[in-house]
Amino acid sequence: MLSSYGSASTRPTCPACAGSAIRLGPRSRATGRAIARCGSCGASYWATADAASTEVVSEADMSGEDLADWVDIKRPESGPEAWRATTARLRSACPGTEAPLLYDVGAGDGSYLAVARDEFGFRVGGNEIVAAAIDVARERHEVTLDLGDLGALGHDGDIDAITMWCVLAHVPDADQLLHDVRAALRPGGVLFLQTPRRTVADRAAQWVQRASGGRLSRIADRRIAEHHSILHTERSITAQLGRAGFTDVRTEPVARYSLQSRAYLASMNPPDWTLGPASWLMDRAVASPAAPRIVLDAYARRPLTG
C-alpha cells in the first residue's frame, strides 16, 4: 500500500531511465504542479518531487477503520482474480523449494499474502509504514507484517519472491526502493510489480493541459498526483529495473482498474449529480475489451551472481 522513500526536490533527469531529453509542461492551475515527459523512455512524472517523510504513519493519522474503508472500495476483480494468476507464475518461478518465502512490500491489510499462503504454499511476510495495517493484517488474515521500510528490516538475500502491488509510483526515490528489493532477494529470486501505465488517454489529457496553459488539468492531475507520481511505459520500467541490476525483465500492459468507479470519480470532486450516470458509464467502459490498459505488470530477477 504505502512506502516512504524520499528524494531531492528536483528531477533534472528522468527518474526512470536517467535520460535528459525532458519536455516540461505548464503548471496546473489547480495544483501548481508541472508534468514532465521523457523523450527517451516516454515516462510522464512530476517535474518536482517533495521529500517524503521516512516516519511510520501512526494510527492517529490512519486508523484501522480508514485502512478497511480503503480496501473496501477496491474492485473485486483487481484482487483475488489478479493475485491468483500472478502468484501461480511466481510459484512456478521458484522451483526446487518446498515452501519459498514471498514478501509483499506495502502489504496493506495482508489479504494478498493470505491467498499466497493458503492457496499456493508460500511462506509469507510483508511490510507497511501504516501502523494500523499491522493489527488489521493479523486480525483479518493471521498475517504478520513488519513495520517500517524494507531497507531497514534486515533482509539480506533471504527472500525468494517479492511483490509490489502499485507501490513504486508512490515513492519519490524508486531507485533506492529497487536497490533494497534486489538486496533482499536471494540470487535468482524473482520480483513482480504492478505500476500505473501511461496510455493514449493520458497523452490526450496532458495535451489538453498543455494546450490550455494548465487551465484544463483535472484528469492529468488525478493520474499524476500524490499517490501516483509517475506513469511508466514498457521502455521506462524496463530501463529502471535494468539500472537497478535486475535481469530477465518482462512487461505486460493490463486493463486492471483497482478502485470502484464511483470512488475514483468522487476523488476528482465533480458535481454530486454527475456521479451516478458517470459511474454507470465508467463501469461499462472498464468492462469493454477496448478499455485502456492502465497498469503495467513487470517481472524481473536478481542475477545469480553479483
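The structure presented is a predicted model; accordingly, all values stated were derived computationally and were not measured.

What counts and what doesn't
- Residues numbered from 1 in each chain as written.
- Predicted model: local features only at pLDDT ≥ 70, side-chain atom pairs only at ≥ 80, totals over all residues.
- Heavy atoms only, no water.
- Pairing = 2+ DSSP bridges.
- Helix = DSSP H or I, 4+ residues; strand = E, 2+ residues; numbered from the N terminus.
- Contact = heavy atoms within 4.5 Å.
- Axes fitted to C-alpha atoms, helices over the stretch in contact; angles between N-to-C directions.
- Salt bridge = Lys/Arg side-chain N within 4 Å of Asp/Glu carboxyl O.
- Buried < 20%, exposed > 50% of the residue type's maximum accessible area, 1.4 Å probe, protein only.

Trainee: Please clarify how the sheet that holds strand S3 (residues 44-46) should be interpreted in this entry.
Mentor: As a general point, the strands of a sheet are linked pairwise by backbone hydrogen bonds and lie either parallel or antiparallel. Strand order across the open sheet formed by 4 strands is S1-S2-S3-S9, with antiparallel pairing between neighbours. Both outer strands of the open sheet, strand S1 (22-27) and strand S9 (230-231), are each paired with one neighbouring strand and no more. As paired strands, S3 and S9 are joined by 2 bridges and run antiparallel to one another. Counterpart to Tyr45 in the pairing with S9 is Ile230. In the packing of helix H6 (residues 200-211) onto the sheet, contacts are made with S1, strand S2 (34-38), S3 and S9, and the angle to S1 comes to roughly 60°.

Trainee: How do you make sense of the pattern of salt bridges when you look at a structure like this?
Mentor: A pair can form between side chains of opposite charge whenever their charged atoms are brought close. Scanning all chains against the criterion turns up 10 salt bridges. A salt bridge links Asp109 to Arg140; the nearest nitrogen and oxygen atoms lie 3.2 Å apart. Of this pair, Asp109 sits in the loop between strand S4 (101-105) and helix H3 (111-120) while Arg140 sits in helix H4 (residues 131-141), and the two are 31 residues apart along the sequence. Owing to a relative accessible area of 4%, Asp109 belongs among the buried residues under this scheme. Judged by relative accessible area, Arg140 falls into the partly exposed class, the value being 41%. Among the salt bridges present, the one from Arg256 reaches Asp297, with a minimum N-O distance of 2.9 Å. Placement of the pair is Arg256 in the loop between strand S10 (247-254) and helix H9 (261-266) and Asp297 in strand S11 (residues 295-301), with a sequence separation of 41 residues.

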